Amino acid sequence: MDSVPDYGELFIGCAGFQYDDWIGTVYPPGTKKSEMLELYAHYFSFLELNFTYYRMPTTESIARIAERAPDLCFAVKAHQSMTHSRDADAGAFASFEAALEPLLETGQLLVCLLQFPHSFHFGPPALRWLESLRAGLPALPLVAEFRSREWIRKDVPTHLRDLGISWCAVDEPDLPGLMPPLAAVTGPTGYVRFHGRNAAQWYDHEQAWQRYDYRYSEEELTGWLPRLERLLRETDQTIVVMNNHYKGQAVENGQMLRDLLPPAMREVLHAPEELLPRVDSRAGRTATPPDQ
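Nothing here was measured: the structure is a model prediction, and the numbers come from that model.

(A) Looking closely at the environment of Val 170. Within the fold, Val 170 resides in strand β6 (residues 165-171). By relative accessible area, which is 0% here, Val 170 ends up buried. Taking the C-alpha atoms as reference, Val 170 lies 8.7 Å from Phe 146; in sequence the two are 24 residues apart. If we ignore the near neighbours within four places in the chain, the residues touching Val 170 are Glu 145, Met 179, Pro 180, Pro 181, Arg 193, His 195 and Trp 224.

In structure tokens:
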């Protein structure tokens, strides 16, 4: 009799949920922004919150999200002062961590994502800043996403393990200098972000969303299954985030990946009890709430 793999938990979801261009494809026509979170919770059991990058969250705003979606688990993106301008001080760290307390109390916070820009180069200053983040956010489980290929070094996993920071794998265009799809394990969480492979518009775009305008094929997602299986074996939890959000492609590909999972991996996947129907971003099929 075959033994059952010893896997950690698996979560699949999207980066953000409040997109106007999801109306008519992901959300029914006429959906208000105030209704989107509850609808999203019928697609996935996990959500990456991105507004926290642009503005500092408050305890009140995070508490409202927790109350509105009690069955969702979250990753929260660190504020830009912690990853891009890198001028956050002790007060900013304390305020950010305090704001996430409602999700910590309910157990809905899985990780805090440190998404660094391509200009965040490996070296002593960067390592010191990672140490500052770890010291400034002691209560938060941290995941670091590096965009520069410079971070592929033998000593980086050791540095991250010493700090208790998990590695974020990325799927993005195969362009010079960008990070390849390396699924390393440096902490208790395996984290994968699918940005799309739109090489033509990665740098040459007028609007930010154009970079992420990409629909993955089944073959492309299937190619990730061995990496995901390894992460599930070697971590407590594996989180897959679809960031190719334009026109609901992230939702479609998240559902597609869920359907491609082999039975053993599907057993450890967290999913809503009542699912909304499949999204087809090409046909623009309209979603119908489960109670209608």
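(B) Molecular detail of helix α12 (residues 249-260). In this model α12 runs 16 Å from its N-terminal to its C-terminal C-alpha over twelve residues, within 8% of the 16 Å that 1.5 Å per residue would give. Extensive coverage of α12 is indicated by the burial of ten of its twelve residues. Looking at α12, one finds that the buried residues are Gln 249, Ala 250, Val 251, Glu 252, Asn 253, Gly 254, Gln 255, Met 256, Leu 257 and Arg 258. Of the surrounding secondary structure, the elements contacted by the buried residues of α12 are β1 (9-15), α10 (218-222), α11 (225-234), β8 (237-242) and α13 (263-267).

(C) View of the nonpolar core. The biggest cluster of nonpolar side chains holds 95 residues, and the ones touching the most others in it are Leu 130, Phe 146, Trp 151 and Tyr 191. The leading source of residues in this core is strand β4 (residues 109-115), at six residues.

(D) Just the packing of helix α7 (residues 124-136) against helix α8 (residues 156-163), in detail. Contact geometry of α7 with α8 gives a least axis separation of 10 Å together with a crossing angle of 20°. Judged on the interaxial angle alone, α8 and α7 are roughly parallel. For the crossing formed where α7 meets α8, the hand is right-handed. On α8, the residues touching Leu 127, Leu 130, Glu 131 and Arg 134 of α7 are His 159, Leu 160 and Leu 163. For the contact of α7 with α8, the residue count by class is four nonpolar, one polar and two charged.

(E) Spatial organisation of the sheet that holds strand β2 (residues 46-49). Within the closed barrel, the eight strands sit side by side as β1-β2-β3-β4-β5-β6-β7-β8. Their pairing is parallel. Each adjacent strand pair in this sheet contributes to an overall mean axis angle of 25°, direction not counted. Pairing analysis gives six bridges linking β1 to β8, with the strands arranged parallel. Residue pairing across strands places Phe 11 opposite Ile 239, the latter belonging to β8.

(F) The arrangement of the pairing of strand β5 (residues 142-145) in detail. Here β5 shows two buried faces, one formed by Leu 142 and Ala 144 and the other by Val 143 and Glu 145. Here four bridges tie β4 to β5, and the two strands are oriented parallel to one another. In the strand pairing of β5, Leu 114 is matched with Ala 144. As paired elements, β5 and β6 share three bridges and run parallel to each other. Bridge pairing in β6 links Leu 142 to Ile 165. With α8 bridging β5 and the parallel β6, this β-α-β connection has right-handed handedness.

About the criteria used
Residues numbered from 1 in each chain as written. Predicted model: local features only at pLDDT ≥ 70, side-chain atom pairs only at ≥ 80, totals over all residues. Heavy atoms only, no water. Helix = DSSP H or I, 4+ residues; strand = E, 2+ residues; numbered from the N terminus. Buried < 20%, exposed > 50% of the residue type's maximum accessible area, 1.4 Å probe, protein only. Contact = heavy atoms within 4.5 Å. Expected span 1.5 Å × (residues − 1). Core = buried A, V, L, I, M, F, W, Y, C linked by side-chain atoms within 4.5 Å. Axes fitted to C-alpha atoms, helices over the stretch in contact; angles between N-to-C directions. Parallel < 35°, antiparallel > 145°, perpendicular 65-115°, else oblique. Left-handed = near helix turned anticlockwise from the far one by under 90°. Nonpolar A, V, L, I, M, F, W, Y, C, P; charged D, E, K, R; others polar. Pairing = 2+ DSSP bridges. Right-handed = clockwise from strand over helix to strand, strands pointing away.

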